[in-house]
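Overview (structure and organization)
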Amino acid sequence: MTDAYTTSVRIDASPADVFPYLTDAGLIVRWMGNWADLDPTPGGKFVLDINGVPIRGEYLVVEPPHRVVFTWGAAGSDVLAPGSTTVEIQLRPEGDGTLLELAHRDLPPEEAPKHDIGWAHFLARLAIAGAGGDPGPDPWAEP
């Protein structure tokens, strides 16, 4: 396992405006994935299909509007089994916006570079959506 992968992005909206994009199935697919079934309660399901990759996990911590923690893995994967890694997202007020800080823990070493590229791509889309914009169709989406 690698150390936690960490990244951050600034979003031009309050934490209260950004938080639903992490817990509402209709909003999460605006910036990441094409289908979701979310139950944002501790022990509730985190189910997200991202361009053919079935991500499966569960919410561990839900503290609106500042923190969410969920497990993450891909159904059918031996390398990144469902629920085998943990994503923690903190939303901190920063001026008139929000600093989103993400830590993805327990990634297998071979998965870290892929997740670095993926999180950069999707968090840039969240910065647009969370600020009330339209990130448009995901260029990575399957036709």
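All residue numbers here refer to positions counted from 1 along the written sequence of the relevant chain. Reporting in this predicted model follows two pLDDT cut-offs: at least 70 for local features of residues, and 80 or more for side-chain atom pairs to be given and counted; totals over whole chains, interfaces and linings ignore these cut-offs and use all residues. Neither water nor hydrogens contribute to the side-chain values; these are computed over all heavy atoms in the structure.

What follows concerns the side chain of His-104. In this text, helices come from DSSP runs of H or I with a minimum length of four residues, and strands from runs of E with a minimum of two, each type numbered from the N-terminal end. Mapped onto the secondary structure, His-104 falls in strand S7 (residues 97–105). A polar contact is formed between the side chain of His-104 and the side chain of Thr-85, at a distance of 2.8 Å. Two N or O atoms form a polar contact when they lie within 3.5 Å of each other; inside protein one atom must be a possible hydrogen donor and the other a possible acceptor, and for residues adjacent in sequence the pair counts only when both atoms belong to side chains.

Salt bridges are defined as contacts in which a side-chain nitrogen from Lys or Arg sits within 4 Å of a carboxyl oxygen from Asp or Glu. Using the criterion set out here, one finds 10 salt bridges in the structure. Across the pair Arg-10 and Asp-96 runs a salt bridge, and its minimum N-O distance is 3.1 Å. One end of the pair, Arg-10, is in strand S1 (residues 5–11); the other, Asp-96, is in the loop between strand S6 (85–94) and S7, and 86 residues separate them in sequence. Summary of the burial criterion: residues with accessible area below 20% of their type's maximum are buried, those above 50% are exposed, and those between are partly exposed, where the area comes from a 1.4 Å probe applied to protein chains only. Accessibility expressed as a relative area gives 33% for Arg-10, which makes it partly exposed. What makes Asp-96 exposed here is its relative accessible area of 68%. Arg-67 is the salt-bridge partner of Glu-88, the closest N and O atoms lying 2.8 Å from each other.

To qualify as a nonpolar core, a set must consist of buried Ala, Val, Leu, Ile, Met, Phe, Trp, Tyr and Cys residues joined through side-chain atoms within 4.5 Å. Of all hydrophobic cores here, the largest spans 36 residues; its most connected members are Trp-31, Met-32, Phe-46, Trp-72, Ile-89 and Leu-100. In terms of residue count, the dominant contributor to this core is helix H3 (residues 112–130) (6 residues).

A regular strand places its side chains so that they alternate between the two faces of the sheet. The criterion for strand pairing is that DSSP finds at least two bridges linking the strands in question. The pairing of strand S5 (residues 67–72) with S6 spans 6 bridges and is antiparallel. Across the sheet, residue Val-69 finds its bridge partner in S6, namely Glu-88. In terms of strand pairing, S6 meets S7 through 9 bridges, oriented antiparallel. When the sheet's bridge partners are listed, Glu-88 is paired in S7 with Ala-103. Hairpin connection between S6 and S7: a loop of 2 residues separates the two successive antiparallel strands, and Gly-95 in this loop has a positive phi of roughly 60 degrees.

Looking at the secondary structure, you find Asp-39 in the loop between strand S2 (35–38) and strand S3 (45–50). Each C-alpha atom of the pair Asp-39 and Thr-23 lies 7.6 Å from the other, and the pair is 16 residues apart in sequence. Residue contacts for Asp-39: discarding those within four places in its chain leaves Gly-44, Lys-45 and Tyr-59. By definition in these notes, contact holds between two residues if any of their heavy atoms fall within 4.5 Å.

With that settled, consider the packing of aromatic side chains. Note on aromatic contacts: the rings of Phe and Tyr and the six-membered ring of Trp form a pair at centre separations within 6.5 Å, being stacked when their planes are under 30 degrees apart, edge-to-face when over 60 apart, and tilted otherwise. A complete count under the given rule lists 7 aromatic pairs for this structure. Taking 5.5 Å as the distance between ring centres and 75 degrees as the angle between the ring planes, the aromatic pair formed by Phe-46 and Tyr-59 counts as edge-to-face. Pair noted here: Phe-46 is in strand S3 and Tyr-59 is in strand S4 (residues 53–63), with a separation of 13 residues, a long-range link. Judged by its relative accessible area of 1%, Phe-46 falls in the buried class. Each ring, one from Trp-72 and one from Trp-119, has its centre 5.2 Å from the other, and the planes form 40 degrees; the classification is tilted. In this pair, Trp-72 is assigned in strand S5 and Trp-119 in helix H3, connecting sequence segments 47 residues apart. Of the two residues examined, Trp-72 and Trp-119, each falls in the buried class. Three or more aromatic residues joined by ring pairs form one cluster here, namely Phe-46, Tyr-59, Phe-70, Trp-72 and Trp-119.

Read these as spatial facts, not as claims about activity.
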